[in-house]
Amino acid sequence: MTARSAGILLYRLIGGSLEVLLVHPGGPYWRRRDRGAWQIPKGDILAGESTEAAALREAQEELGTALQGTLVPMGRLRQAGGKIVEGFALEQDLDTAAIVSNCFEIEWPPRSGRRQSFPEIEAAQWFTVAEAEAMMLPSQQPFLDRLADYLALRH
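In this report, the structure presented in the accompanying data block is examined. (Residues numbered from 1 in each chain as written. Predicted model: local features only at pLDDT ≥ 70, side-chain atom pairs only at ≥ 80, totals over all residues. Heavy atoms only, no water.)

## Re the overall build of the protein chain
Reasoning step 1: Per the secondary structure count, the protein chain includes 3 helices and 8 strands.
Reasoning step 2: Walking the protein chain from its N terminus toward its C terminus, one meets helices and strands in the order β-β-β-α-β-β-β-β-β-α-α.
Reasoning step 3: Taken over the C-alpha trace, the protein chain has a radius of gyration of 15 Å; the compact-globule value for 155 residues is 15 Å, and the two agree within 12%.
Reasoning step 4: Expressed along its principal axes, the backbone C-alpha trace of the protein chain runs to roughly 55 × 35 × 30 Å.
Reasoning step 5: In the protein chain, the share of contacts with a sequence separation of at least 24, taken over all contacts with a separation of at least 6, comes to 65%.
Reasoning step 6: Accessible area for the protein chain stands at about 8,200 Å²; split by element, carbon and sulfur atoms hold 51% of it.
Reasoning step 7: Looking at charge distribution, the protein chain has the averaged site of its 16 positive side-chain charges lying 8 Å from that of its 20 negative ones. (Helix = DSSP H or I, 4+ residues; strand = E, 2+ residues; numbered from the N terminus. Rg over C-alpha atoms; globule rule 2.2 N^0.38 Å. Contact = heavy atoms within 4.5 Å. Areas by Shrake-Rupley, 256 points an atom, 1.4 Å probe, with all protein chains shown as cover. Lys, Arg positive; Asp, Glu negative; His and termini not counted. Charge placed at Lys NZ, Arg CZ, Asp CG, Glu CD.)

## A few points about unusual backbone geometry
With the exception of glycine, the majority of residues adopt a negative phi angle, and the majority of peptide bonds are in the trans configuration.
Reasoning step 1: In this structure, the amide linkage connecting Trp108 to the following residue, Pro109, adopts the cis form with an omega of -10 degrees.
Reasoning step 2: Note that Pro109 resides in the loop between strand S6 (103-107) and strand S7 (115-119).
Reasoning step 3: We note that Arg111 has phi near 60 degrees; this positive angle belongs to a residue other than glycine.
Reasoning step 4: Tracing the sequence through the fold places Arg111 in the loop between S6 and S7.
Reasoning step 5: A relative accessible area of 76% means that Arg111 is categorised as exposed. (Buried < 20%, exposed > 50% of the residue type's maximum accessible area, 1.4 Å probe, protein only.)

## Re the packing of aromatic side chains
Two numbers describe a pair of aromatic rings. These are the distance of the centres and the angle of the planes.
Reasoning step 1: Under the criterion given, the structure shown has 3 aromatic pairs.
Reasoning step 2: Measuring from ring centre to ring centre gives 5.3 Å for Tyr29 and Trp108, while their planes differ by 80 degrees; the resulting arrangement is edge-to-face. Residue Tyr29 is located in the loop between strand S2 (17-25) and strand S3 (42-44), and its partner Trp108 is located in the loop between S6 and S7; the two are separated by 79 residues in the primary sequence.
Reasoning step 3: On the accessibility criterion, Tyr29 (56% relative accessible area) is exposed. (Phe/Tyr/Trp six-rings, centres within 6.5 Å; stacked < 30°, edge-to-face > 60°.)

## Details of the pattern of salt bridges
Reasoning step 1: Applying the stated criterion across every chain, the model contains 8 salt bridges.
Reasoning step 2: When the shortest N-O distance is used, the salt bridge between Asp44 and Lys83 registers 3.1 Å. One end of the pair, Asp44, is in strand S3; the other, Lys83, is in the loop between strand S4 (72-78) and strand S5 (84-91), with 39 residues separating them in the sequence.
Reasoning step 3: Each of Glu49, Arg57, Glu58 and Glu61 takes part in a single network of salt bridges with overlapping partners. (Salt bridge = Lys/Arg side-chain N within 4 Å of Asp/Glu carboxyl O.)

## Quick word on the nonpolar core
Reasoning step 1: Ranked by internal contacts, the top residues of the largest apolar core, which has 20 residues, are Leu9, Tyr11, Val20, Leu22, Ile40, Phe143 and Leu147.
Reasoning step 2: Only strand S1 (4-14), S2, S4, S5, helix H2 (129-135) and helix H3 (142-154) provide two or more residues apiece to this core.
Reasoning step 3: Per-element accounting of this core gives the leading share, 4 residues, to H3.
Reasoning step 4: With sequence-adjacent residues up to four places away left out, Ile40 is seen in contact with Gly7, Ile8, Leu9, Leu22, Val23, Val85, Met136, Gln140 and Phe143.
Reasoning step 5: Of all hydrophobic cores here, the second largest spans 19 residues; its members include Ala6, Leu63, Leu90 and Ile99. (Core = buried A, V, L, I, M, F, W, Y, C linked by side-chain atoms within 4.5 Å.)

Function cannot be inferred from these measures alone, as they are strictly geometric.
Written out as structure tokens, the structure is:
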């Protein structure tokens, strides 16, 4: 069975300019990666959970704040590793300095027998669309085009 997750592409309009919120994963595997590593806040869909509920829950866990508003469906994408990501857009402004992520635990270093805790998200940042295209995980970049299409239809 293919792994599925759901996430939210937050956006805001500042002085007529579109910005999107991306997060940088925490933990040792992402530590030295920057360009091409930033993502939308997302996570696994639990059994019996709707994609909307999963996206809101995961965003709250990773950002440390409950999001408000109506989610706009952005469709599905298949990431390089095969995982299917169901994306939503939501207009909301967040203070990235106030973001507090949940943590996860893994054996680190591998085969050491030691378990360490790491934040699921080590950073969150607002990017212009051009900056996001350069920094975002390539398999999630189509969400940026879908957001632009949605906003063009809305105005």
